[in-house]
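# Working through the structure, step by step
This is what each chain is made of:
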Amino acid sequence: MASLDDLKKRIASVKSTQKITKAMKMVAAAKLRRAQESAEKGRPYSEKMNNVILNLSNGISDKENTPKLLSGTGQEKTHLCVVMTSDRGLCGGFNSNIIKKAKSYFAKILDEGKELKIITVGSKGNDQLKRVYGDKIIENISFKESKNANYFDADKVGKMVIEKFEAGEFDVCTIFYNQFKNVITQIPQAQQIIPLNNEGEESNSEESYEFEPDEDEILSNLLPKNISTQIFKAMLENSASEQGSRMSAMDNATRNAGEMVDKLTIEYNRSRQAAITKELIEIISGAESL
Amino acid sequence: MSEEFKVEIVNPEKSFLVKDDVSEVVVPAFEGEMGILKDHISIISFLKPGIIKILSKSGDENYYVEDGIVEFKNNNLSILTSTIFNLADMDKSKQQDLLKQAEEEANKTDINDQSKYLADQKVEVLKTLN
């Protein structure tokens, strides 16, 4: 059994860990509220954007000449995967869930004999992926400096993706992120953004639109923006998920630390009592032998 | 019947403005300014840098935008834009900053014609504001 002094030290250290996790939980809770708000506020934009594109692609006259961003390059040889993770740890299974999802997708692609390219957003994803897929990672972006997800950053990623697409570096682009459902549940998502996958979605309007200038030109202007918008949406969902995940992880940690303190305290008291009893027995038996 | 319709401006971060007593909106569409009144035909178009004018009973408002898409349907006007500023909130120094940025962009030599055109437009619009 550990000595009294050791136990005391351990109790103190667990208690101070508990303080840290508690504080982190509070901070995450506050940040979560903000992130959730901005995720909700960002929704109308991406929804409207989606709607407009849907209407446009339905109204397109010349099916042959649709922009490549919409219809694809006609082959599926090279896949680009944008894996979006956080820059900070201590957020439970948040990052490993995305990585797991991404890895199973990577394995599928490589099994099919296709080429794989990876862009990681956020340093944690890069750390976990570079061991196995280090040679596949072509770019690593991290937004450590910016406090909140903002459109400017998303646009940077979007422009880079489009640049690579136009240079013919890949055919299909998929982004990986965590969708925020609630504080305990985040669902890792794989969303294909190039070519745009609109199948199964019906346009809700029967009306025909007037286009100015024509559809093709609007589409080719709009699609790059849509890429950035989708990435931005993923970033917002991700940041809400990260805080949610961190909050529940830290909540668990705080509770576990509490349990541990209780257990250690009992052990401490017991061994203290044992020491006292032992001393008493020694004194009594010493007195008796006289 | 009233001659008013609803306008909604959204940027990526949030819903920027919602107004439902608007009588006319003038947007800087790509092929020239376009005034939209009630019962306009459904239209989709995109914007170049310029000023959005919103005329309503509660007063006129002017916004500076750099890009965007407009969609008008069933007397609902949606404007999606990534950069928008209310002219009333914009002071001289902010204007100068934007102008400087735009001028720098316009003077770059390695950009294509379209972005050159857009940057020139920006400079022009910002200059008229001063």
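Since this is a predicted model, take the numbers as computed values, not measurements.

### Points about the domain arrangement of chain B
Accessible area lost upon the coming together of the parts is a frequently used measure of interface size. Residues and elements named next belong to chain B. Under the domain assignment, chain B is made up of domain 1 (5-86) and domain 2 (91-129). A C-alpha centroid distance of 22 Å is found between domain 1 and domain 2. Domain 1 puts 5 residues into the contact, and the matching count from domain 2 is 4 residues. Here the side of domain 1 that touches domain 2 is composed, by residue class, of 2 nonpolar, 1 polar and 2 charged.

### Some details on unusual backbone geometry
Put simply, I194 of chain A and P195 of chain A share a cis peptide bond, and its omega is -15°. Its location among the elements puts P195 of chain A in the loop between β5 (186-194) and β6 (210-212). Even without being a glycine, L90 of chain A presents a positive backbone phi close to 55°. Here L90 of chain A is to be found in the loop between β1 (78-84) and α3 (94-111). Residue N74 of chain B is not a glycine yet carries a positive backbone phi of 45°.

### Here's the deal with the packing of α3 of chain A against helix α4 (residues 123-133) of chain A
Residue and element names in this part refer to chain A. Running from N to C, α3 and α4 point in directions that differ by 35°, and their axes come no closer than 10 Å. α3 and α4 meet at a crossing whose hand is right-handed. For the pair α3 and α4, the contacting residues are N95, I98, I99 and F106 in the first and K124, G125, Q128, L129 and Y133 in the second. Its residues assigned to classes, the contact of α3 with α4 shows 5 nonpolar, 3 polar and 1 charged.

### Side note on the sheet that holds β1 of chain A
Residue and element names in this part refer to chain A. Ordered in space as β3-β2-β1-β4-β5, the 5 strands form an open sheet in which the pairing is mixed. At either end of the open sheet lies a strand with only one pairing partner, and these are β3 (137-141) and β5. When the angles between neighbouring strand axes are averaged without regard to direction, this sheet yields 20°. Where β1 meets strand β4 (residues 172-180), 5 bridges bridge the pair, whose relative direction is parallel.

### Structural notes on the interface of chain B and chain A
Counting residues at the interface gives 21 residues for chain B, matched by 23 residues for chain A. Taken together, the elements giving at least two residues each to the side of chain B that touches chain A come down to β2 (15-29), β4 (43-47), β7 (68-73) and β8 (76-80) of chain B. Looking at the side of chain B that touches chain A, the element that brings in the most residues is β4 of chain B, giving 4 residues. Looking at chain direction, β6 of chain A and β4 of chain B are connected through 3 bridges and run parallel. Its bridge partner lying in β4 of chain B, E212 of chain A is registered against S45 of chain B.

### Overview of helix α5 (residues 151-166) of chain A
Helical geometry: 3.6 residues make up each α-helical turn, so side chains three or four residues apart lie on a common side. Residue and element names in this part refer to chain A. In this model α5 runs 22 Å from its N-terminal to its C-terminal C-alpha over 16 residues, within 8% of the 22 Å that 1.5 Å per residue would give. Among the residues making up α5, those that are buried are Y151, A154, V157, G158, V161 and F165. Along the axis of α5, the buried positions cluster into a sector of 125°, meaning they face one direction only. Among the exposed residues of α5, those pointing more than 90 degrees away from its buried face are E163 and E166. Against β1, β2 (115-121), β3, β4, β5 and α6 (215-288) lie the buried residues of α5.

### Section: the nonpolar core
V82, V83, M84, C173, F176 and L222 of chain A are the most contacted members of the largest nonpolar core, which totals 78 residues. Top element by residues in this core is α6 of chain A. It accounts for 13 residues. Discounting residues that sit within four places of it in the chain, V82 of chain A has contacts with I119, V121, V161, C173, I175 and F176 of chain A. Counting 6 residues, the second-largest nonpolar core is a separate cluster that includes L98, V123, V125 and L126 of chain B.

### With respect to the pairing of strand β5 (residues 50-56) of chain B
Residue and element names in this part refer to chain B. Pairing of β2 with β5 involves 4 bridges; the strand directions are antiparallel. When the sheet's bridge partners are listed, V22 is paired in β5 with S56. Alignment of β5 against strand β6 (residues 61-65), held across 5 bridges, turns out to be antiparallel. Bridge pairing links G50 to V65 in β6.

Parameters and conventions
Residues numbered from 1 in each chain as written. Chains lettered and ligands numbered in written order. Predicted model: local features only at pLDDT ≥ 70, side-chain atom pairs only at ≥ 80, totals over all residues. Domains from an automatic or database assignment. Contact = placed C-beta atoms within 7 Å. Nonpolar A, V, L, I, M, F, W, Y, C, P; charged D, E, K, R; others polar. Helix = DSSP H or I, 4+ residues; strand = E, 2+ residues; numbered from the N terminus. Axes fitted to C-alpha atoms, helices over the stretch in contact; angles between N-to-C directions. Left-handed = near helix turned anticlockwise from the far one by under 90°. Pairing = 2+ DSSP bridges. Expected span 1.5 Å × (residues − 1). Buried ≥ 20, exposed ≤ 12 C-beta atoms within 10 Å, placed from the backbone. Arc of directions from axis to C-beta. Core = buried A, V, L, I, M, F, W, Y, C linked by C-beta atoms within 7 Å.

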